[in-house]
Amino acid sequence: MYRPSKNPPMPSLRCRRRNSSASARMRIPSLTTGWSSMYPLLPISRQIISSRGIYAGFPNFTGDNSQSDRELIANWYSNSPLSPAHMDWSSHFPAFVDPDTSKTNLSGGRKLTKEVEVVDIGCGFGGLMVGLAPLLPDTLMVGMEIRTSVLEYLSSRIHALRSQQQRLKNKAANPSSTELQDASAQPEGTESTAPAPSNDDEIGTEKIFPGNFENITAIRSNTMKFLPNFFGHHQLSKIFICFPDPHFKARKHKARIVSESLNSEYAYVLRPGGLLYTITDVEEYHHWVLRHFLHGEQPEGAAPAPSSKDLFERVSEEELALDPCVRVMKYETEESKKVTRNKGNKYVAVFRRKADPEWPA
Ligand SMILES: C[S@@+](CC[C@H](N)C(=O)[O-])C[C@H]1O[C@@H](n2cnc3c(N)ncnc32)[C@H](O)[C@@H]1O
């Protein structure tokens, strides 16, 4: 607000402005400098960082002292757990619920016999999940999608696939049935060589797929804000980022799902040796990905600072050629099919999470 110089600015205004930036400084530690960028802060800190908008529109945010900020934010986004230990996966993976009823998580839900370890970020209509399900039948995988309607479609798709498999299994169990074509039992802990189901296979198929699609699920979430609420340190073995929204304009680059600070979150939840897969049809985005995972953007003349980029190395083409997940990523996601139809290019880059560095004594 303009005021003639002889009148000092209104104290209340200055005070409010100073207070708000001071509290912002106190609550938002730097994620962009030094080793702190490799280890993102606890989920709540990320929520507060990204919640400048949330605070702005938060109804009655200061009115209720009985709830912590963390609880208020989590309630606001009611499908985000307070922490990975609060996440109730039991309704997502009923076939993997631990039979021991005394084993519960912090929200009282039944625990699973194994942890979720593969995530598809921005999964869209779920082609990747459906393609991977029979390849990794003993691995629990989740697709995360921000759009409610897309998520609803994918949830019904998974539900329909499970019901269809159940029907086929029942038919197989009935000796009078002669229609079963492929009841492949997959030994525990092995990767299947069965072909991934394409969309054509899905509906009206008479195939039984390893894992019966019991190992995949989908949840609605903004992964840019809530990924560490769902997954703990070193929990994941694979993360997929397939055909992310390119956000072409420079002023929109901050909405990209690959960035210095988000990569540090991926490094946090990915275990050493785990893989982060990316694919895009936008060449410029591919270079952005390489830059943000490997080379970084060091300000000119600045001393090299350690960052999340020190935790990733690129996987060789030879290794990728042997990885069945790459084929699914290239040909089974809905977006990849669109690119194939339009004869577009596909740029693949996969990064291995390196071991944590030694901390100085
Ligand atoms: C271009 S589509 C690709 C979908 C899918 N991966 C594929 O290959 O077919 C990008 C998807 O990412 C989702 N998305 C974008 N930002 C997201 C976010 N922050 N959290 C979760 N999903 C997001 C979009 O809603 C959209 O469905």
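Residues numbered from 1 in each chain as written. Predicted model: local features only at pLDDT ≥ 70, side-chain atom pairs only at ≥ 80, totals over all residues.

Per an unreviewed UniProt entry, the protein chain goes by tRNA (guanine-N(7)-)-methyltransferase and derives from Penicillium rubens. Quoted straight from UniProt, the Pathway (unreviewed entry) entry for the protein chain says "tRNA modification; N(7)-methylguanine-tRNA biosynthesis." (UniProt positions renumbered as here; feature names shortened; annotations may be inferred.)

**Q** I would appreciate a short explanation of the confidence of the model for the protein chain in the present structure.
**A** Predicted coordinates in areas of low pLDDT are best not read in detail. Averaged over the protein chain, the pLDDT score is 78; the fraction of residues at 70 or greater is 67%. This stretch, residues 1–67, has a pLDDT under 50; its non-local contacts, to residues over four places away or in other chains, come to 56 contacts. Below a pLDDT of 50 lies the segment residues 179–196, which in the model reaches 35 contacts outside its immediate sequence neighbourhood of four places, other chains included. (pLDDT = per-residue confidence, 0-100. Contact = placed C-beta atoms within 7 Å.)

**Q** Help me understand the pairing of strand β1 (residues 116–121) in this model?
**A** Remark: a regular strand shows side chains that alternate across the two faces of the sheet. Extensive coverage of β1 is indicated by the burial of six of its six residues. Note that β1 and strand β2 (residues 140–145) share five bridges and pair parallel. Across the sheet, the residue bridging to Val119 is Val142, located in β2. With four bridges connecting them, β1 and strand β6 (residues 236–242) associate as parallel partners. Pairing of Ile121 across the sheet is with Ile241, part of β6. (Buried ≥ 20, exposed ≤ 12 C-beta atoms within 10 Å, placed from the backbone. Helix = DSSP H or I, 4+ residues; strand = E, 2+ residues; numbered from the N terminus. Pairing = 2+ DSSP bridges.)

**Q** Sorry if this is basic, but what is going on with the sheet that holds strand β9 (residues 347–353) here?
**A** The strands making up a sheet associate through backbone hydrogen bonding, with each pair oriented either parallel or antiparallel. Strand order in the open sheet made by the seven strands is β5-β2-β1-β6-β7-β9-β8, with mixed pairing throughout. In the strand order of this sheet, the two ends are held by β5 (216–220) and β8 (312–314), each with one partner. Here the strands of the sheet are splayed against their neighbours by 20° on average, with no regard to which way each runs. Note: β6 against strand β7 (residues 270–280), six bridges, orientation parallel. Bridge pairing in β7 links Cys242 to Ile279. Contacting β6, β7 and β9, helix α9 (residues 260–269) crosses the sheet at an angle of about 135° to β7. (Axes fitted to C-alpha atoms, helices over the stretch in contact; angles between N-to-C directions.)

**Q** In this structure, what is going on with the pairing of β7? I would like to understand it.
**A** Across the 11 residues of β7, eight count as buried, placing the element largely inside the fold. Pairing of β7 with β9 involves six bridges; the strand directions are antiparallel. Bridged to Ile279 within β9 is Val348.

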